[in-house]
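Each chain, written out:
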Amino acid sequence: MGELRLMKGNEAVAEAAIRAGCDGYFGYPITPQSEVMEYLMAERPFERTGMVVLQAESEVAAINMLYGGAGTGKMVLTSSSSPGISLMQEGLSYLAGAELPAVIVNIVRGGPGLGTIQPSQADYFQAVKGGGHGDYRMLVLAPASVQEMCDHVKLAFDKAFEYRTPVMILSDGAIGQMMEKVVLFDHIPRRTDEELIKQCPWASNGRPKTRNHNIVTSLDLDPAGQERVNLKLQAKYREMEKKEVLFEEVQCEDAEYLIVAFGLSARICQKALDLARAKGIKVGLFRPITLFPFPATQVSNVGNRVKGILVVEMNAGQMIEDVKLSVGCKVKIEHYGRFGGIIPSPDEVLNALEQQIIGG
Amino acid sequence: MEDQFIKTDILKPENIVYKKTSLMTDKPLSYCPGCGHGTAHRMLMEVIDEMDIVDKTIGISPVGCSVLAYDFMAIDMLGAAHGRAPALATAIKRMWPGHFVFTYQGDGDLAAIGTAETIHACNRGENITIIFINNGIYGMTGGQMAPTTLPGMRSSTSPYGRDVTTMGHPLKITELVAQLPGVYYVTRQAVHTPNHVRKTKKALRKAFELQKENKGLSLVEIVSNCNSGWKMTPVNSNKWMEDNMFPFYQLGDIKVDGKLVVKTETSEKE
Ligand SMILES: Cc1ncc(C[n+]2csc(CCOP(=O)(O)OP(=O)(O)O)c2C)c(N)n1
Ligand code: SF4
Ligand SMILES: [Mg+2]
């Protein structure tokens, strides 16, 4: 077993990055995720593993630093929170277009605008449906614990390189700030230049005279060429849909009602489920772990066995659209949400289930 | 028959005094005939060739007319988003400290949309080289006003001439960043005559040599023509550049060895 520690979610992201063999972190301070860079600066990974840590002048610069580093084959990470992630959208689109591996952590806070520094899940659409311009997707992971904050960093890097794609970890201010025990995975050494070049023969990192020059770009002025780029991207996304779906089912076997929730909401709904079960209501919980690719078939399988579904999110109803598309219209599907940084209580969720689904 | 004769008889290796560097690809340049971009590319590639550092050089092209620079330069390159090249270069140089990293940027790219990235890369003293093509206009998008457009100069978005009271003054960003302690070498050159080309090449060489010494950022501005955007013939555009651009954007060194150059009468006469 790895090292056991009590850590904040944000700190777990930082420590996991060092341990995963990350080459560079570039970020800009914003609450509620500043601990990621603070931890890294205090930890001095440049001495521990040679990892570069740099405070950029803006999120725009940070995401483009990622693009630069990723384009040379390096393992790069940034973290931010909602307003900062909005500024990164152009860069995310470029990363997707140029097919570059990078990991982006969004510790979501309430919006729109400057909003609040309290936790929220209102960036689901932005993360899952696009955000930047053009037809692209990111692989999106939704951790529900500090342990998953740690583990998802490693998983995100693996998938980013496997698919040459930006991967987003969509978390929130509560998971970023809360402390839990976490089992840290063992150190993976940073790749040597030779290993990197072998893994990323496409990367622009200095042309040996024996090969042609590499070009990292998202531009193809020829429409036929640009359509080919798009078709390639779409094929990659279909592949992810086939192979990368992750989800968790809790007490779904005998469930008459289903709650669907991700991230922090799922933690609260777990408690609501316990309360409901204590009252004799047979409720199950379905938690998508990958938000893209969405566990469409899986949620449909469970969803079509129950009498009603409550989708609980800390937003005005975003993932519910994917649940409805997946499950279809034979089952009643309702949304319960709190916004602007309010976290719903388990009692509230149980009440909503009774009012909107069981009684309604 | 005569062609045949010339080829075999004159084109012998011992007779060749000048040839295209192998670091320029055979792709036809996308630039308008007469434009300075192509010459600037070539000088840059000659320097990298002569220094024999192609396996350690990473270039970053901008968004602007030189967006396709990576097609013409036979070195590893990345195409940046508009204005963000210095951010890419920052990360790359920090993670590949033994490599030579340069950005190649137009005035809109470097001095308008990318101002923050430019100033902060300079201020951090990133050990990179910025090649700044100042043609006083947005060439690629069809000749709109740039931050560097001269007072009174016409462009498609200042059709009656740049009115500095409402459109702002031309930005001498090169002089601005030369003030920053992280910036080690700053010079302003041109590529429209053989003499200027030679000086530009020397400046580029110096800038790349400095990267070996980890001295900080070097910036080589090249004041160049945009005959299409300026709506002039190539010859007239070069004349116009000498008469109008050079008095405002004076050629010569601005900062050498980390110290600002004090202009004298002679150094201003270029
Ligand atoms: C975010 C963004 N805004 C605007 C553009 C459109 N655009 C492309 S090139 C350019 C101006 C380039 O001018 P400059 O940097 O001076 O280069 P030049 O073409 O003159 O060499 C603009 C505005 C873009 N590609 N991206
Ligand atoms: S538009 Fe201007 S800068 Fe662009 S290639 Fe033509 S002359 Fe050169
Ligand atoms: Mg220009």
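Residues numbered from 1 in each chain as written. Chains lettered and ligands numbered in written order. Predicted model: local features only at pLDDT ≥ 70, side-chain atom pairs only at ≥ 80, totals over all residues.

K.L.:
Hey, could you go over the overall build of chain A for me, with residue numbers and the actual values?
P.N.:
Within chain A, the secondary structure is distributed over 15 helices and 15 strands. Here the C-alpha atoms of chain A give a radius of gyration of 21 Å, agreeing with the 21 Å that 2.2 N^0.38 yields for 360 residues. For chain A, the C-alpha atoms occupy an extent of roughly 70 × 50 × 40 Å along the three principal directions. Residues classed as buried in chain A amount to 55% of the 360 residues present. (Helix = DSSP H or I, 4+ residues; strand = E, 2+ residues; numbered from the N terminus. Rg over C-alpha atoms; globule rule 2.2 N^0.38 Å. Buried ≥ 20, exposed ≤ 12 C-beta atoms within 10 Å, placed from the backbone.)

K.L.:
Let's hear about the packing of helix α4 (residues 85–95) of chain B against helix α6 (residues 115–123) of chain B: which residues, and what values?
P.N.:
Residue and element names in this part refer to chain B. Relative orientation of the contacting elements α4 and α6 amounts to 35 degrees, with a least axis distance of 7 Å. Side by side, α4 and α6 meet where P86, A87, A89 and T90 of the first sit next to E117, T118 and A121 of the second. For the contact of α4 with α6, the residue count by class is 4 nonpolar, 2 polar and 1 charged. (Axes fitted to C-alpha atoms, helices over the stretch in contact; angles between N-to-C directions. Contact = placed C-beta atoms within 7 Å. Nonpolar A, V, L, I, M, F, W, Y, C, P; charged D, E, K, R; others polar.)

K.L.:
Lay out the site of ligand 1 in plain terms, naming residues and giving numbers.
P.N.:
Residue and element names in this part refer to chain B. Surveying the vicinity of ligand 1 reveals 18 residues, the closest of which are G64, G106, G108, D109 and G139. Take the shell around ligand 1: its biggest share by element is 3 residues, from helix α5 (residues 107–113). Its residues assigned to classes, the shell around ligand 1 comprises 8 nonpolar, 8 polar and 2 charged. (Near = placed C-beta within 6 Å.)

K.L.:
Would you mind going over the domain arrangement of chain A in detail, with residue names and values included?
P.N.:
Residue and element names in this part refer to chain A. When its domains are assigned, chain A resolves into domain 1 (3–195) and domain 2 (248–358). A separation of 27 Å is found between the C-alpha centroids of domain 1 and domain 2. Contacts between the two partners involve 25 residues from domain 1 and, on the opposite side, 21 residues from domain 2. When residues of the side of domain 1 that touches domain 2 are traced back to their parent elements, those giving at least two are α7 (124–129), β6 (139–141), β7 (166–172) and α9 (173–177). The leading source of residues in the side of domain 1 that touches domain 2 is α7, at 4 residues. (Domains from an automatic or database assignment.)

K.L.:
Mind laying out α6(B), listing which residues take part and the relevant values?
P.N.:
Among all positions in α6(B), only E117(B), T118(B), A121(B) and C122(B) are buried. Along α6(B), the residues classed as buried sweep out an arc of 125 degrees about the axis, all on the same side. Looking at the buried residues of α6(B), the elements they touch are α4 (59–71) of chain A together with α4, α5, α8 (173–178), β7 (183–190) and β8 (217–223) of chain B. Immediately beyond the C-terminal end of α6(B), within one or two residues, lies G125(B), with a positive phi of roughly 65 degrees. (Arc of directions from axis to C-beta.)

K.L.:
Let's hear about the interface of chain B and chain A: which residues, and what values?
P.N.:
The partner chain A presents 31 residues to the 29 residues of chain B that form the contact. When contributions to the side of chain B that touches chain A are tallied by element, the ones reaching two or more residues are β1 (57–61), β2 (76–79), α4 and α6 of chain B. At 8 residues, the largest contribution of residues to the side of chain B that touches chain A is made by α4(B). Residues belonging to the side of chain B that touches chain A are distributed by class as follows: 18 nonpolar, 5 polar and 6 charged.

K.L.:
A description of the site of ligand 2 should follow, citing residues and the corresponding values.
P.N.:
All names here are of chain B. Inspection of the region around ligand 2 gives Y31, C32, C35, H37, C65, N135, G139, M140, C226, N227, S228 and G229 as its neighbouring residues. When residues in the shell around ligand 2 are grouped by element, the largest group, 3 residues, is from helix α10 (residues 227–230). Looking at side-chain class alone, the shell around ligand 2 contains 6 nonpolar, 6 polar and no charged residues.

K.L.:
Now, about unusual backbone geometry: what can you tell me, with residues and values included?
P.N.:
As a rule of thumb, non-glycine residues mostly have phi less than zero, and peptide bonds are mostly trans rather than cis. A cis geometry characterises the amide bond from T31(A) onward to P32(A), with omega recorded as 5 degrees. Within the secondary structure, P32(A) is located in the loop between β2 (24–27) and α2 (35–43). That bond from G111(A) to P112(A) is cis: its omega, 0 degrees, falls within 30 degrees of zero. Within the fold, P112(A) resides in the loop between β5 (102–108) and α7. One non-glycine residue, D52(B), lies in the positive phi region at around 55 degrees. You can see D52(B) is positioned in the loop between α2 (37–51) and β1. In the Ramachandran plot, N214(B) falls in the positive-phi region, its phi being about 60 degrees despite a non-glycine side chain.

K.L.:
Got a sec to walk through helix α15 (residues 346–358) of chain A? Specific residues and values, please.
P.N.:
Since the α-helix advances by 3.6 residues per turn, residues separated by three or four positions end up pointing in the same direction. Residues and elements named next belong to chain A. Among all positions of α15, only V349, L350, A352, L353 and I357 are buried. The buried residues of α15 occupy one face: seen down the axis, they fall within an arc of 160 degrees. Lining the buried residues of α15 we find β11 (257–260), α12 (263–278), β12 (283–288), β14 (308–313) and β15 (332–337).

K.L.:
Tell me about the nonpolar core, and name the residues and values.
P.N.:
Counting 186 residues, the largest nonpolar core has V103(A), V140(A), I259(A) and L88(B) as its most contacted members. The residues that make up this core include at least three from each of domain 1 (3–195) and domain 2 (248–358) of chain A. With near-sequence residues (within four places) excluded, L88(B) lies in contact with N64(A), M65(A), Y67(A), G68(A), I60(B), L78(B) and A80(B). In terms of nonpolar packing, the next biggest core, distinct from the first, is built from 9 residues, Y138(B), M145(B), C226(B) and W230(B) among them. (Core = buried A, V, L, I, M, F, W, Y, C linked by C-beta atoms within 7 Å.)

K.L.:
Can you tell me about the packing of helix α1 (residues 9–20) of chain A against α2(A), naming the residues and giving the values?
P.N.:
When two helices pack together, their arrangement is given by the angle between their axes and by how far apart the axes lie. Residues and elements named next belong to chain A. Interhelical geometry of α1 versus α2 gives an angle of 50 degrees and a closest axis separation of 8 Å. The orientation of α1 relative to α2 falls into the category oblique. Remark: the crossing between α1 and α2 carries right-handed chirality. The residues of α2 that touch α1, namely those facing N10, E11, V13, A14 and I18, are E35, V36, Y39, L40 and E43. Its residues assigned to classes, the contact of α1 with α2 comprises 6 nonpolar, 1 polar and 3 charged. (Parallel < 35°, antiparallel > 145°, perpendicular 65-115°, else oblique. Left-handed = near helix turned anticlockwise from the far one by under 90°.)

K.L.:
Any details on the sheet that holds β2(B)? Residues and values, ideally.
P.N.:
Pairing between the strands of a sheet comes from backbone hydrogen bonds, and it takes one of two forms, parallel or antiparallel. Across the sheet, 9 strands lie side by side as β9(A)-β2(B)-β1(B)-β3(B)-β4(B)-β8(B)-β7(B)-β9(B)-β10(B); this open sheet has mixed pairing. Sheet topology places β9 (215–216) of chain A together with β10 (259–260) of chain B at the edges, where each strand pairs with a single neighbour. The sheet contact formed by strand β9 (residues 252–256) of chain B and β10(B) spans 2 bridges and is antiparallel. For K255(B), the partnering residue across the bridge sits in β10(B) and is L260(B). Sheet strands touched by helix α9 (residues 194–212) of chain B: β3 (100–106), β4 (129–134), β7 and β8 of chain B. Its angle to β7(B), the strand with the most contacts, is close to 165 degrees. (Pairing = 2+ DSSP bridges.)

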